[in-house]
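Residue-level listing of the chains:
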Amino acid sequence: MENTGHFFVFEGIDGSGKSTQIHLLKEHIEAQGVRCMETKEPTDGPVGSLVHQCMTGRTSADEFTIATLFAADRLDHLLNETDGLCGKISQGISVISDRFVFSNYAYQGVLLPMDWLAQLNSQATKLLRPDYHIFVDVAPEVCMERMATGRFHTERYETTERLTQVRERYLELFRQFEDEENILIIDGNRPVEVIAEDIWNQVSHLYE
Ligand code: ADP
């Protein structure tokens, strides 16, 4: 077994089932005797809490400012001395993150220039490259229904129209990056366990 951990990123619109699948992938990895941690963006750190405030409308800011905060939170997520992901991975811990750079590109890319966003995230993409970006694909209408039954608040980007735009943007990005990044597009409309097995079948070779 090699000494560095693997890095998985789950992408998808809210309510697509990312956190459900992250939990199940972590169980699979731990069953191999490998240490694994779950994490998410925006983080619960100091910059991440500013992002959360913008998302819930508690603080208002323009889209450029929000995108910059997302990118700053990501760098802190990777590099902070307490629990930065680069350090964890170098200790042999596998990391699964709920969202990473493609979220910035998909959500803010609808409104902001892609070149600027790519430049803003260039340091993060150099520091840590995901072994796999796993996109859980579910129709926006289904995600809105799932969220309506499970959550009490609606965040900045959660309308069917907006989620439809974001999903299309994700799919466009994956076509654009298919030669550079390992991207798995997973049908998230199936039962939870079936999806989890599909994902594990595609990534388990990293632990053989
Ligand atoms: P996300 O992390 O992408 O926002 P969650 O994993 O929190 O999504 O799932 C959103 C809701 O949908 C939860 O109530 C969860 O139990 C449910 N859910 C997750 N996966 C499925 C699935 N494959 N089929 C039906 N419901 C699901």
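All values reported here derive from a predicted model rather than from experimental measurement.

### Section: the environment of Ala-72
Part 1 of the reasoning: Looking at the secondary structure, you find Ala-72 in helix H3 (residues 63–79).
Part 2 of the reasoning: Taking the C-alpha atoms as reference points, Ala-72 and Ile-183, 111 residues apart in sequence, are found 24 Å from one another.

### Observations regarding the site of the ligand
Part 1 of the reasoning: The full set close to the ligand counts 14 residues, and Gly-15, Lys-18, Ser-19, Thr-20 and Arg-190 are the nearest of them.
Part 2 of the reasoning: Between the ligand and Ser-19, the relevant distance is 2.6 Å, taken from an oxygen atom to a side-chain nitrogen or oxygen of the residue.
Part 3 of the reasoning: Taking Thr-20, its side chain carries an N or O atom lying 2.6 Å from an oxygen atom of the ligand.
Part 4 of the reasoning: For the ligand, whose free accessible area comes to 550 Å², the fraction covered by protein is 69%.
Part 5 of the reasoning: Those elements that place two or more of their residues in the shell around the ligand are helix H1 (18–30) and helix H10 (192–203).
Part 6 of the reasoning: With three residues, H1 is the single largest residue contributor to the shell around the ligand.
Part 7 of the reasoning: Its residues assigned to classes, the shell around the ligand comprises three nonpolar, six polar and five charged.

### Considering H10
Part 1 of the reasoning: Taking 1.5 Å per residue as the helical rise, H10 with its 12 residues ought to reach 16 Å, and the 17 Å between its terminal C-alpha atoms agrees with that figure.
Part 2 of the reasoning: Within the sequence span of H10, burial applies to Ile-195, Ala-196, Ile-199, Trp-200 and Val-203. Down the axis of H10, the sector holding all buried residues measures 130°, keeping them to one side. Of the exposed residues in H10, the ones pointing more than 90 degrees away from its buried face are Glu-193 and Asn-201.
Part 3 of the reasoning: For H10, the elements touching its buried residues are strand S1 (7–11), H1, strand S4 (132–137) and strand S5 (183–187).

### Remarks on the packing of helix H2 (residues 46–56) against H3
Part 1 of the reasoning: Running from N to C, H2 and H3 point in directions that differ by 150°, and their axes come no closer than 8 Å. Classified by the interaxial angle, the pair formed by H2 and H3 is roughly antiparallel. Regarding H2 and H3, the two cross each other, and that crossing is left-handed. Residues Pro-46, Val-47, Gly-48, Leu-50, Val-51, Cys-54 and Met-55 of H2 form the contact with H3, whose own contacting residues are Ile-66, Leu-69, Phe-70, Ala-72, Asp-73 and Asp-76.

### What to know about the layout of surface pockets
Part 1 of the reasoning: In this structure, the second largest pocket encloses a volume near 200 Å³.
Part 2 of the reasoning: Of all the elements, helix H5 (residues 101–108) adds the most residues to the lining of the second largest pocket, at three residues.

### A look at the sheet that holds S5
Part 1 of the reasoning: On the basis of which strands lie adjacent, the open sheet formed by five strands has the order S2-S3-S1-S4-S5 and parallel pairing. Looking along the sheet, the strands with just one partner apiece sit at the ends: strand S2 (36–40) and S5. Each strand axis lies, on average, 20° off the axis of its neighbour in the sheet, ignoring direction.
Part 2 of the reasoning: Sheet strands touched by helix H9 (residues 160–177): S1, S4 and S5. Its angle to S4, the strand with the most contacts, is close to 145°.

### Some remarks on the pattern of salt bridges
Part 1 of the reasoning: Scanning the entire structure with this criterion turns up 11 salt bridges.
Part 2 of the reasoning: The salt bridge involving Glu-11 is made with Arg-99; its shortest N-O contact spans 3.9 Å. Here Glu-11 is found in strand S1, whereas its partner Arg-99 is found in the loop between strand S3 (94–98) and H5, with 88 residues between them in sequence.
Part 3 of the reasoning: In this structure Arg-99 comes out as buried when scored by relative accessible area, which is 10%.
Part 4 of the reasoning: Between Glu-41 and Arg-74 there is a salt bridge, and its shortest N-O distance comes to 2.7 Å. Note that Glu-41 is positioned in the loop between S2 and H2 and Arg-74 in helix H3, a separation of 33 residues in sequence. Assigned by exposure class, Glu-41 and Arg-74 land together as buried.

Parameters at a glance
- Residues numbered from 1 in each chain as written.
- Predicted model: local features only at pLDDT ≥ 70, side-chain atom pairs only at ≥ 80, totals over all residues.
- Heavy atoms only, no water.
- Helix = DSSP H or I, 4+ residues; strand = E, 2+ residues; numbered from the N terminus.
- Near = heavy atom within 4 Å.
- Polar contact = N/O pair within 3.5 Å; in protein donor to acceptor, adjacent residues only side chain to side chain.
- Areas by Shrake-Rupley, 256 points an atom, 1.4 Å probe, with all protein chains shown as cover.
- Nonpolar A, V, L, I, M, F, W, Y, C, P; charged D, E, K, R; others polar.
- Expected span 1.5 Å × (residues − 1).
- Buried < 20%, exposed > 50% of the residue type's maximum accessible area, 1.4 Å probe, protein only.
- Arc of directions from axis to C-beta.
- Contact = heavy atoms within 4.5 Å.
- Axes fitted to C-alpha atoms, helices over the stretch in contact; angles between N-to-C directions.
- Parallel < 35°, antiparallel > 145°, perpendicular 65-115°, else oblique.
- Left-handed = near helix turned anticlockwise from the far one by under 90°.
- 1 Å grid on protein atoms, 1.4 Å probe; cavity = no way out; pocket = protein on both sides within 12 Å on 5 of 7 lines; lining within 4 Å.
- Points joined across faces, edges and corners; volume = space filled by probe spheres on them.
- Pairing = 2+ DSSP bridges.
- Salt bridge = Lys/Arg side-chain N within 4 Å of Asp/Glu carboxyl O.

Coordinates in, geometry out; function isn't part of it.
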